[in-house]
Structures are given as C-alpha cells and as structure tokens.
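What follows is each chain in one-letter form.
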Amino acid sequence: ATEEFNQVFYDKKKLIEPTSFEMQISDIAFELLENIYKLDTKYRSTGIILEDFINRKEEQLSLFTNTDSKEDKLSQCFDKLESKFGKNIIKIGFYE
C-alpha cells in the first residue's frame, strides 16, 4: 500500500507445477514485486501471499514429472542442515 493507504498494487502468478523450493518461490516473489514497484511512489507496507497449498503426498504427478530433481535434492539438503544445526543456518543470497 502507498504512504496514505490510498492505492494498492498487486500482481499474481499461478505455478504450472507445485514447488516447495525456497529459491524458486523467492525468485517468483521478486519478479512480481518488480512488476508492481514504481520508483516515485512512497510505500508504507508490502506483503506476499502464498495460497492453494497441497500436501506433497497428495500431489497429482504428470507422466513426465521429475521426482528426483536438483531442486528437490537441494531443498532436502537445506532441511537436513536446518534440522541438525537449527533454523537459519543457511542464508540465501540474491543476485541481480
């Protein structure tokens, strides 16, 4: 919302395939924020809404779904490190 809360900007994106990969979610979030950001506008608040969650065990896979992707392996590695050493042990860097 803008400084006076008189304008609200938003954008959304529906994913073709479900994901739980943090880096993919953050890439999409930054893409959407870039679409709505206006340089000359003062913002009071901003937020991201994620919706339509499904349990991975209930996911309907297509015939060509890769269930052993690099992203899945990396995400599992993040989860293992966090369970062993605690939350926020890994920080994701962003690039332009």
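To be clear, the structure that these remarks concern was listed above.
Residues numbered from 1 in each chain as written. Predicted model: local features only at pLDDT ≥ 70, side-chain atom pairs only at ≥ 80, totals over all residues. Heavy atoms only, no water.

Caption draft 1: Local environment of the pattern of salt bridges. Applying the stated rule across the entire model yields 2 salt bridges. For glutamate 82, the salt bridge goes to lysine 87, with nearest N and O atoms at 3.8 Å. (Salt bridge = Lys/Arg side-chain N within 4 Å of Asp/Glu carboxyl O.)

Caption draft 2: A look at unusual backbone geometry. Notably, asparagine 88 is not glycine yet its phi reads approximately 65°, a positive angle. Tracing the backbone shows asparagine 88 in the segment after helix H2 (70-85). (Helix = DSSP H or I, 4+ residues; strand = E, 2+ residues; numbered from the N terminus.)

Caption draft 3: Examining H2 more closely. With 16 residues, H2 extends 22 Å between its outermost C-alpha atoms, agreeing within 8% with the 22 Å of an ideal straight helix rising 1.5 Å per residue. Buried within H2 we find Asp72, Ser75 and Phe78. The arc that holds the buried residues of H2, viewed along the axis, is 120°, so those residues lie on one side. Exposed and oriented more than 90 degrees from the buried face of H2 are Lys70, Lys80, Lys84 and Phe85. (Expected span 1.5 Å × (residues − 1). Buried < 20%, exposed > 50% of the residue type's maximum accessible area, 1.4 Å probe, protein only. Arc of directions from axis to C-beta.)

Caption draft 4: A look at the environment of aspartate 52. By secondary structure assignment, the location of aspartate 52 is in the loop between helix H1 (22-36) and H2. A residue is classified by how much of its surface remains accessible, and aspartate 52, at 62% relative accessible area, is exposed. Separated by 38 residues in sequence, aspartate 52 and lysine 14 have C-alpha atoms that sit 9.7 Å apart.

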